[in-house]
Amino acid sequence: MLSLEDFKTSLTLPSPVEPFFPKWKGAEKVSLFVKRDDAIHPIMSGNKWRKLSNALPPSLPKAIVSFGGGFSNHLHALGFICFKLGIPFTAIIRGDYSATPSPMIKDLIQWQTHIEYVDRITYKKRSDSAYLNELKLQFPDAIIIPEGGSQAQALQGIKDLVDEIEVDFDFIVAPVASGATLAGIINALNKRNRTTATDFRSLHKVIGIGVLKGEGYLEGLVQKFLPISKHQTSWHIDHNYHFGGYAKAPNELQTFCNDFNDNMEFKIEPVYSGKAFWAVKDMLAKGKFEDRSRIVVLHTGGLQGAR
Ligand SMILES: *Cc1c(COP(=O)(O)O)cnc(C)c1O
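Owing to the predicted nature of the structure, the values given are computational and were not obtained by experimental measurement. (Residues numbered from 1 in each chain as written. Predicted model: local features only at pLDDT ≥ 70, side-chain atom pairs only at ≥ 80, totals over all residues. Heavy atoms only, no water.)

Across the sheet, four strands lie side by side as β5-β4-β3-β6; this open sheet has parallel pairing. Only two strands of the sheet have a single neighbouring strand rather than two, namely β5 (114–118) and β6 (142–145). With strand direction ignored, the average angle separating the axes of adjacent strands in the sheet is 20°. Summarising the sheet, strand β3 (residues 63–68) and β6 pair through four bridges and their orientation is parallel. (Pairing = 2+ DSSP bridges. Helix = DSSP H or I, 4+ residues; strand = E, 2+ residues; numbered from the N terminus. Axes fitted to C-alpha atoms, helices over the stretch in contact; angles between N-to-C directions.)

The subject of this paragraph is the domain arrangement of the protein. Entries for the protein in the domain assignment read domain 1 (4–44 + 152–306) and domain 2 (56–149). On the domain 2 side, the residues contacting the ten residues of domain 1 number 14 residues. Of the roughly 1,000 Å² buried where domain 1 meets domain 2, counting both sides, 72% is carbon and sulfur surface. At the boundary of domain 1 and domain 2, one finds zero salt bridges. A class-by-class count of the residues in the side of domain 1 that touches domain 2 yields six nonpolar, four polar and no charged. (Domains from an automatic or database assignment. Contact = heavy atoms within 4.5 Å. Buried area = accessible area lost by both parts, 1.4 Å probe. Salt bridge = Lys/Arg side-chain N within 4 Å of Asp/Glu carboxyl O. Nonpolar A, V, L, I, M, F, W, Y, C, P; charged D, E, K, R; others polar.)

This next bit is on helix α11 (residues 273–285). Taking 1.5 Å of rise per residue, 13 residues should cover 18 Å, and α11 covers 18 Å from first to last C-alpha, within 8% of that figure. With eleven of 13 residues buried, α11 is to be regarded as a mostly interior element. Among all positions in α11, only Ser 273, Gly 274, Lys 275, Ala 276, Phe 277, Trp 278, Ala 279, Val 280, Asp 282, Met 283 and Leu 284 are buried. Positive backbone phi, approximately 70°, marks Gly 287, located one or two places after α11. (Expected span 1.5 Å × (residues − 1). Buried < 20%, exposed > 50% of the residue type's maximum accessible area, 1.4 Å probe, protein only.)

The subject of this paragraph is the pattern of salt bridges. Going through the model one piece at a time under the given rule, you end up with eleven salt bridges. Residue Arg 50 pairs with Asp 37 through a salt bridge whose shortest N-O separation is 2.8 Å. Of the two residues, Arg 50 is situated in helix α2 (residues 46–53) and Asp 37 in the loop between β2 (31–36) and α2; the sequence distance between them amounts to 13 residues. For Arg 50, a relative accessible area of 3% puts it in the buried group.

UniProt tags Ser 72 as "active site" (unreviewed entry). Position of Ser 72 relative to the elements: it lies in the loop between β3 and α3 (73–85). Classification of Ser 72 as buried rests on a relative accessible area of 13%. In this structure, Ser 72 is in contact with Met 104 and Gln 304, ignoring residues within four places of it in sequence. (UniProt positions renumbered as here; feature names shortened; annotations may be inferred.)

Bringing the packing of aromatic side chains into the picture now. Scanning the entire structure with this criterion turns up 19 aromatic pairs. Ring pairing ties together the aromatic residues Phe 20, Trp 24, Phe 243, Phe 256, Phe 260, Phe 266, Phe 277 and Trp 278, which thus form one cluster. Just above the ring of Tyr 272 sits the side chain of Lys 48; from NZ or CZ to the centre is 5.6 Å. Over the face of the ring belonging to Phe 225 we find Lys 224, whose NZ or CZ atom lies 4.9 Å from the ring centre. (Phe/Tyr/Trp six-rings, centres within 6.5 Å; stacked < 30°, edge-to-face > 60°. Lys NZ or Arg CZ within 6 Å of the ring centre and 35° of its normal.)

Let us look at the nonpolar core. Membership of the largest hydrophobic core comes to 31 residues, with the highest contact counts inside it found for Ile 172, Leu 182, Ile 185, Val 206, Val 222 and Trp 235. At the level of elements, α7 (154–164), β7 (171–176), α8 (180–196), α9 (217–225), β9 (234–238) and β10 (294–299) are the ones that each hand at least two residues to this core. The residues contacting Val 222, other than those within four sequence positions of it, are Gly 179, Leu 182, Ala 183, Ile 186, Trp 235 and Ile 237. (Core = buried A, V, L, I, M, F, W, Y, C linked by side-chain atoms within 4.5 Å.)

Let's shift gears to the packing of α2 against α3. Running from amino to carboxyl end, α2 crosses α3 at an angle of 65°, the nearest separation of the two axes being 9 Å. In the packing of α2 onto α3, the handedness of the crossing is right-handed. Contacts between α2 and α3 involve Lys 48, Trp 49 and Leu 52 from the first element and Asn 73, His 74, Ala 77, Leu 78 and Ile 81 from the second. When the residues that make up the contact of α2 with α3 are grouped by side-chain class, the tally is five nonpolar, two polar and one charged. (Left-handed = near helix turned anticlockwise from the far one by under 90°.)

Rendered as structure tokens:
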């Protein structure tokens, strides 16, 4: 069993920021960088580490309960860290995979996670206070972490990654599902703008790429996490790149990811990073960035989900 401090020494932090040079139309007119949160750890998805990193109290909890789908990067990351730290972990999973466990679930089983499969109706109640109170009675020693690790404490962990970026940039691009990551980026830049700009103007622009069909809905999720700020960084979510919905990956997206993985120094997958990098390629082709823009693409990790 490891302490949290020991566990952290196994992580690559700060994660690297690297320039990359794809052969995409328009790429030669801008500077592209990737923030390699996929490099933080081979098993634990970078994004989910960031969101958990400030959520575990220093006196570790006696048990943890959380929620996710059958391929969840969040459950995978949490299952791994709980195993390493010796914290009993219960995963409440949407749908019954007992006959055909996914690779993610097989890992959880190996890491001694207690798994409860629930139907869709029960899973829908995952944020209802009555249901959460029932769970508290069932697991009196446990802390309950919401789906995706998306809660207020997640924002500080995301701020850490923004603070690690030492290159100057104009745009930061990141995939959006629950909105906590994008809110964390905006919040971190709000703070930076406040301390560096006397005459406030938004120095950086944040572009979220919706990975599911959620025009309006995703903006609301981000707003919900965002503290009110007089120095609101300019941000928006582009809804042109969800490819039909969450985890939908038509052939053209699969092919794009395969070509990318054959030619670049790092790998992407179709659920999150593939959609974000495709979006940047398409926006460059359409001239959406001014010449000489400096663009950081956040690689949130999640390669296990592609298995
Ligand atoms: C969960 C996840 C996201 C989405 O982050 P949100 O905070 O839910 O918007 C993006 N990329 C990867 C790899 C993820 O696992």
